[in-house]
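Observations on chain architecture
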Amino acid sequence: MVYRLMCSQVTTSVELHVEKEDLGSYYKELNKSLSSKSLAKVQDVVESRLHHPAASTLADLVQFSPDLQRLVALGVSFTEVEKYEGAPDLLASLSYFPQINDMVNLLHSMGIEDVASVINRCPFILGQHVETIKERVLYLSAKKFKRNQISEIVCRCPWWLLEEISEIDARLGAIQVVFELKAKDLRTMTTKSPRVILSDIIRLKEFAFTMRKVYSLEPKQLSRMVTNAPSVSITSRTSLKRRLDFLLDTMEISMEQIIAWPSVLRNRERRIEERHKLLKHLGLAEYDATKAGYVSLQRLVSGKTDVFCSEVAHISEQQYFDFIKTL
């Protein structure tokens, strides 16, 4: 019987190749590297699995573990947690009191209401020391991020709390330089899309270079673009070029319009092209804000098909699909 357990008090994982009759000798050997508290927790988990050999998931162990039951009551989804390698073993090795409870209280104190969602998307946060997380939150406060901004960052990308302060500080500094952002704009960009801050810095530099050199954006225009829609900066270079070329050349949209609502660049080319061609066919492709019947980029690509058909194209969905078949 083989089990892989993670212990919160040690930095390495332990692989168990153990039968019931070997359990005593195994504990004796393991005791050399674990504290008594950690050892007791490992014993509890190992014994519950040995006594219930059919258990292969956390869900199988819930009825035997009060700690796991409390996680379920909190709203944690073991189906989601088990998508991350090593996470089930981590959760099985932790005690709810005080370790998990302290982390839950800290997240609540940050203004995060749906703590379970954070754990589901980043279960490894429960393996962190509470004081370490507090230090990372204090760092953001020192950088003048407001409390609601910090909670938004964590809710949108919980993995932020696993990053070292030095790493986050270096990334924020590099991105501020690349896009020539004011401190306030950097905070706005980070809050809107914290995942961008963890992205490959080379990719962000390539985006900035393309927008400056190929599309002649001024520094202020580029700053405005990434502040309005940070995720645009991680769009693949090929997709970015195709979308921009279609908007600028075929639709004759101005770059200023795109800068004002850069989220259009996060939409698939097919969606943009199909809807534009339909509006052109209907005589409704008017993108000049000074003229009657103006259709903004947001109205063009936002909303589901039924909403676009009724509110923008003024046709039925069936008419829309019939037209698409002709393209």
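Criteria and cut-off values
- Residues numbered from 1 in each chain as written.
- Predicted model: local features only at pLDDT ≥ 70, side-chain atom pairs only at ≥ 80, totals over all residues.
- Heavy atoms only, no water.
- Patch = residues over 30% accessible without salt bridge, like charges linked within 9 Å, V, L, I, M, F, W, Y side chains within 5 Å.
- Areas by Shrake-Rupley, 256 points an atom, 1.4 Å probe, with all protein chains shown as cover.
- Salt bridge = Lys/Arg side-chain N within 4 Å of Asp/Glu carboxyl O.
- Lys, Arg positive; Asp, Glu negative; His and termini not counted.
- Charge placed at Lys NZ, Arg CZ, Asp CG, Glu CD.
- Helix = DSSP H or I, 4+ residues; strand = E, 2+ residues; numbered from the N terminus.
- pLDDT = per-residue confidence, 0-100.
- Contact = heavy atoms within 4.5 Å.
- Phe/Tyr/Trp six-rings, centres within 6.5 Å; stacked < 30°, edge-to-face > 60°.
- Buried < 20%, exposed > 50% of the residue type's maximum accessible area, 1.4 Å probe, protein only.
- Lys NZ or Arg CZ within 6 Å of the ring centre and 35° of its normal.
- Disulfide = S-S within 2.5 Å.

**Describing a positive patch on the surface**
A contiguous patch of positive charge on the surface is contributed by K146, K182, K184 and K220. Mapped onto the elements of the fold, K146 is located in the loop between helix 9 (130–142) and helix 10 (147–156).

**Details of the confidence of the model for the chain**
Per-residue pLDDT for the chain has a mean of 87; in total, 83% of the residues score no lower than 70. Note on residues 49–55: pLDDT under 50 across the span, and 18 contacts to partners over four residues away in sequence or across chains.

**As for the packing of aromatic side chains**
Applying the stated criterion across every chain, the model contains 7 aromatic pairs. A ring pair is formed by Y84 and W159, whose centres lie 5.7 Å apart and whose planes are at 55°; its orientation type is tilted. In this pair, Y84 is assigned in the loop between helix 5 (78–81) and helix 6 (87–93) and W159 in the loop between helix 10 and helix 11 (165–178), connecting sequence segments 75 residues apart. By relative accessible area, W159 is classed as partly exposed at 30%. Their ring planes at 50° and their centres at 6.0 Å tell us that F124 and W159 sit as a pair that is tilted. Note that F124 is positioned in the loop between helix 8 (115–121) and helix 9 and W159 in the loop between helix 10 and helix 11, a separation of 35 residues in sequence. On the basis of relative accessibility, which here comes to 22%, the residue F124 falls in the partly exposed class. Clustering of aromatic rings is evident, with ring pairs tying together Y84, F124 and W159. If you follow R275 out to its NZ or CZ, it ends over the ring of F308, 4.4 Å from the centre.

**Digging into the state of the cysteines**
In the structure shown here, the tally under the stated rule is 0 disulfides. With no disulfide of its own, C157 has C122 as its nearest cysteine by sulfur position, at a separation of 8.2 Å.

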